[in-house]
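These are the residues of each chain, in order.
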Amino acid sequence: DAGVIQSPRHEVTEMGQEVTLRCKPISGHNSLFWYRQTMMRGLELLIYFNNNVPIDDSGMPEDRFSAKMPNASFSTLKIQPSEPRDSAVYFCASGISGFSTDTQYFGPGTRLTVL
Amino acid sequence: SQQGEEDPQALSIQEGENATMNCSYKTSINNLQWYRQNSGRGLVHLILIRSNEREKHSGRLRVTLDTSKKSSSLLITASRAADTASYFCATVQNRDDKIIFGKGTRLHILP
């Protein structure tokens with residue numbers, strides 16, 4: 001299995017531009033998570049899907065952030081408009097079921113720099 | 001919000017020595033997980049210990065959980081250069097099933 005796949009691996013953009021991050025979870029996994037990692041705040045859960053349905057988006061920082069999971073094999077995290085404070089590494093992870101019993105498998109991350 | 005907090009923030013030891021990292025948390029948990037992150041990579045799950053378990057082993061890893069003290073420890077025995085990484089504890093809360101990661105311990109194994 002290829003593991004969780006994220007693209008792009010690096011993204012540099014200018015403030016105000018739209019950014020779309022992509023994730024392909026491990027085949028057969030039912031849960032998908034988006035995280036953001038910064039030095040200041042550590043690893044923060046942004047949103048969590050179970051069977052393609054958003055279960056908890058309380059970690060999404062503001063309306064500029066949106067996430068979709070149109071099918072079991074693909075998810076996107078969109079930032080529009082982007083701001084310099086959005087610069088971080090964004091991780092996608094997938095799991096077989098839900099939080100409490102599950103191991104999460106992380107992708108390699110997308111390093112986002114907003115100038 | 002509740003957060004696992006690792007201690008120490010950074011640790012440097014000689015290769016072959018044992019490394020111990022601690023994690024403290026604040027509220028009732030369902031389970032606690034330890035993850036490793038190599039520089040520039042995603043997190044890799046190491047071990048999960050449930051609230052009704054006290055100790056778990058996996059290879060050179062030993063994890064303990066003391067729910068009365070709300071703390072856990074990760075012991076890596078006979079450390080190797082490849083163990084150099086950041087180690088995170090993550091707690092899954094009972095009240096809302098959320099997983100919350102600590103800020104990690106940076107472990108450096110000296111040759």
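No experiment lies behind these values; they were computed from the predicted model shown. (Residues numbered from 1 in each chain as written. Chains lettered and ligands numbered in written order. Predicted model: local features only at pLDDT ≥ 70, side-chain atom pairs only at ≥ 80, totals over all residues. Heavy atoms only, no water.)

Asks: Quick question: what am I supposed to make of the confidence of the model for chain B here?
Replies: For any part of a model where pLDDT is low, the fine detail of the predicted coordinates should not be relied upon. Of the residues in chain B, 97% have a pLDDT of 70 or more, and the chain-wide mean is 92. At the low end of the mean pLDDT range in chain B sits strand 1 (residues 5-7) of chain B, at 84; at the high end sits strand 7 (residues 61-66) of chain B, at 98. (pLDDT = per-residue confidence, 0-100. Helix = DSSP H or I, 4+ residues; strand = E, 2+ residues; numbered from the N terminus.)

Asks: Quick question: what am I supposed to make of unusual backbone geometry here?
Replies: Working note: non-glycine residues mostly have negative phi, and peptide bonds are mostly trans. In this structure, P8(A) follows S7(A) across a cis peptide bond, with omega equal to -10°. Structurally, P8(A) can be placed in the loop between strand 1 (5-7) and strand 2 (10-13). Here the amide bond leading from D7(B) into P8(B) is cis, since omega sits at 0°, within 30 degrees of zero. The backbone phi angle of K70(B) is positive, close to 50°, even though this residue is not glycine. Checked against the element boundaries, K70(B) lands in the loop between strand 7 and strand 8 (71-76). Classification of K70(B) by relative accessible area gives partly exposed; the value is 28%. (Buried < 20%, exposed > 50% of the residue type's maximum accessible area, 1.4 Å probe, protein only.)

Asks: Just checking my understanding: could you explain the sheet that holds strand 3 (residues 19-24) of chain B for this structure?
Replies: Each strand in a sheet pairs with another by means of backbone hydrogen bonds, the pair being arranged parallel or else antiparallel. Residues and elements named next belong to chain B. A sheet is described by the order of its strands in space; here five strands give the open sequence 1-3-8-7-6, paired in antiparallel fashion. Across the chains shown, the open sheet's two edge strands, defined by having one partner strand only, are strand 1 and strand 6 (55-58). Averaged over all pairs of adjacent strands, the angle between strand axes in this sheet comes to 20°, irrespective of strand direction. Pairing of strand 7 with strand 8, which is carried by six bridges, proceeds in the antiparallel orientation. By the bridge assignment, D66 is partnered in strand 8 with S71. (Pairing = 2+ DSSP bridges. Axes fitted to C-alpha atoms, helices over the stretch in contact; angles between N-to-C directions.)

Asks: Is there a simple way to explain the interface of chain A and chain B in this structure?
Replies: Accessible area lost upon the coming together of the parts serves often as the stated size of an interface. With 19 residues of chain A in contact, the opposing surface of chain B contributes 19 residues. Between chain A and chain B, a total of about 1500 Å² is buried, with carbon and sulfur atoms accounting for 51% of that surface. Where chain A packs against chain B, one counts zero salt bridges. Remark: the boundary between chain A and chain B carries three residue pairs in polar contact (both at pLDDT 80 or more). When contributions to the side of chain A that touches chain B are tallied by element, the ones reaching two or more residues are strand 4 (31-38) and strand 5 (42-50) of chain A. By residue class, the composition of the side of chain A that touches chain B is seven nonpolar, eight polar and four charged. (Contact = heavy atoms within 4.5 Å. Buried area = accessible area lost by both parts, 1.4 Å probe. Salt bridge = Lys/Arg side-chain N within 4 Å of Asp/Glu carboxyl O. Polar contact = N/O pair within 3.5 Å; in protein donor to acceptor, adjacent residues only side chain to side chain. Nonpolar A, V, L, I, M, F, W, Y, C, P; charged D, E, K, R; others polar.)

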